[in-house]
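# Structural characterization, general
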Amino acid sequence: MTTVQEWDRPVGDANGVYADGTVPISIILVDTDEGITGAGFGPHVELDCLFAAIEGEDPRGVTALYDRMLRQTFKAGHAGAVFGTIGALDTALWDIKAKAAGEPLWRLLGGRDRRVPAYASGLDIGLTDDELVSAYEVYARHGLRAAKIKGGLDIERDRHRLTLVQEVLAEAGHGTRPGLMLDVNEAWSRKQAIRHVHELERTLDLIWIEEPVRRWDAEGLAVVGRGIRASVATGENLTGLEQYRPLLAAGAVDIVQTAAVWGVTHFLRVSALAHAHDLPVSPIGNIPVGLLHAATSVPNHMVSELQDLRPPVGVSADLSVEDGAFLLGDSPGLGLTIDEDAIGGITRRPGTLTADGPGVRPEHAGRRLLAVTDNGAADTGHVAQQRLLTPLVVDGRRRTPR
């Protein structure tokens with residue numbers, strides 16, 4: 001089934017914006033013959049094929065079943081959305097295992113402290129200054145003192161927006177110096193990244209820069225890391241330990257990230273790999289419930305991303321946000337409740353995928369000559385030229401605009 005996250009405002013990044021703030025959230029429910037249902041968030045790609053690897057199995061053998069799912073996709077590969085389906089099924093199995101044990105997942109995994117430190121992340125590139133301030137004032141009221149904003153298209157605009165957020169958090173913290181991060185979603189070349197961050201660092205102290213260049217560019221990420229003071233954070237789009245190994249070998253990452261959509265077992269394995277390199281981990285995602293539970297059990301968790309303070313439509317979770325942290329409850333499993341009737345009654349649905357949304361990489365990312373000042377549109381002069389040269393099709397005949 002698919003529900004929605006209703007932000008009630010534009011959300012997006014350097015690649016594009018969902019103007020209406022309605023974002024689809026896919027859910028997978030896995031039933032057992034004992035009447036226990038587990039929930040996981042993620043795609044449904046190759047679902048029948050992957051479910052065949054776990055159907056009829058004892059769901060408590062989660063990690064072995066995770067490897068069965070990986071083997072099920074041996075020929076075609078498990079990267080991309082397929083890995084998300086594996087992660088959703090894996091998370092649902094962990095939910096079942098903890099429910100069968102009558103324990104919250106954080107306790108089953110060996111966690112001691114239910115408190116998981118958080119930072120604010122508003123997916124905010126489409127907001128005006130006033131909207132940006134209002135959004136982070138809400139986060140500040142929940143005790144958050146660190147924030148990650150979206151940027152990467154204009155140095156001075158990024159400086160201005162980071163300063164606004166810094167002032168909001170500093171005032172709420174009675175002068176305590178807040179933590180600032182910038183996420184550019186792979187928008188730069190290597191030299192663009194160094195130039196942009198180096199300029200920001202003249203006046204701001206950044207904890208990390210996130211995905212400054214392409215996710216697989218181990219050499220490029222290492223070059224960026226050597227050229228700036230801030231840490232380099234990346235990993236949310238890497239699907240499998242084999243994709244992390246080149247980055248760690250090259251010393252290309254300082255903050256190891258993994259997305260909630262890839263599942264609990266993946267996070268635990270990445271965390272162990274990062275720990276072997278003395279690196280911290282930081283979960284990413286709008287619905288990071290599974291990874292929040294898992295984060296309590298690893299020695300190198302640093303901080304987790306908090307996006308919308310409200311859950312998706314039809315979803316509730318036994319957790320709260322207090323004093324800058326997620327507080328996990330005592331409900332068995334993930335502590336999720338899924339209201340299928342509420343989800344079935346959703347009338348406001350996301351629009352179709354468009355080229356100006358955050359899910360589509362802009363054609364000129366990494367090759368822009370000038371700053372972009374209109375919240376995600378491409379360079380104005382270049383767009384004007386493209387419009388002049390792009391043929392139109394009208395009534396089956398190709399015409400060039402005059």
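The structure contained in this document is the topic of the report that follows. (Residues numbered from 1 in each chain as written. Predicted model: local features only at pLDDT ≥ 70, side-chain atom pairs only at ≥ 80, totals over all residues. Heavy atoms only, no water.)

Our focus in this paragraph is a negative patch on the surface. Residues D31, D339, E340 and D341 make up a contiguous surface patch of negative charge. By secondary structure assignment, the location of D31 is in strand β4 (residues 22-31). Overall, D31 belongs to the exposed group, its relative accessible area being 58%. (Patch = residues over 30% accessible without salt bridge, like charges linked within 9 Å, V, L, I, M, F, W, Y side chains within 5 Å. Areas by Shrake-Rupley, 256 points an atom, 1.4 Å probe, with all protein chains shown as cover. Salt bridge = Lys/Arg side-chain N within 4 Å of Asp/Glu carboxyl O. Lys, Arg positive; Asp, Glu negative; His and termini not counted. Charge placed at Lys NZ, Arg CZ, Asp CG, Glu CD. Helix = DSSP H or I, 4+ residues; strand = E, 2+ residues; numbered from the N terminus. Buried < 20%, exposed > 50% of the residue type's maximum accessible area, 1.4 Å probe, protein only.)

Here we take up the environment of A295. Mapped onto the elements, A295 comes out in helix α11 (residues 289-295). Expressed as a C-alpha distance, the spacing of A295 and D113, which sit 182 residues apart in the sequence, is 9.9 Å. Apart from residues no more than four positions distant in its own chain, A295 is found in contact with V116, F267 and H301. (Contact = heavy atoms within 4.5 Å.)

Looking now at the nonpolar core. Ranked by size, the top nonpolar core spans 106 residues in total, and within it Y136, V165, W188, I209 and V256 carry the most contacts. Looking at which element gives the most residues to this core, the answer is helix α3 (residues 81-101), with 10 residues. Among residues more than four places away in sequence, those in contact with I209 are L182, V184, W188, V197, I228, A230, S231, V232 and A233. One finds A146, A233, I255 and V303 within the second-largest nonpolar core, a separate group that totals 8 residues. (Core = buried A, V, L, I, M, F, W, Y, C linked by side-chain atoms within 4.5 Å.)

The geometry of an aromatic ring pair is captured by the separation of the ring centres together with the interplanar angle, meaning the angle of the planes. The full count for this structure, using the stated rule, is 3 aromatic pairs. For the pair F83 and W262, a centre-to-centre distance of 5.6 Å together with 50° between the ring planes defines the contact as tilted. Of this pair, F83 sits in helix α3 while W262 sits in the loop between β11 (255-259) and α10 (264-276), and the two are 179 residues apart along the sequence. Here the two residues F83 and W262 agree in accessibility, since each one is buried. Here Y119 and W208 contribute two aromatic rings whose centre-to-centre distance is 5.5 Å and whose plane-to-plane angle is 90°, an arrangement assigned as edge-to-face. Here W208 lies in strand β9 (residues 206-210) and Y119 lies in strand β6 (residues 115-121), a separation of 89 residues in the sequence. With a relative accessible area of 0%, Y119 lands in the buried category. The class for W208 is buried, based on a relative accessible area of 0%. (Phe/Tyr/Trp six-rings, centres within 6.5 Å; stacked < 30°, edge-to-face > 60°.)

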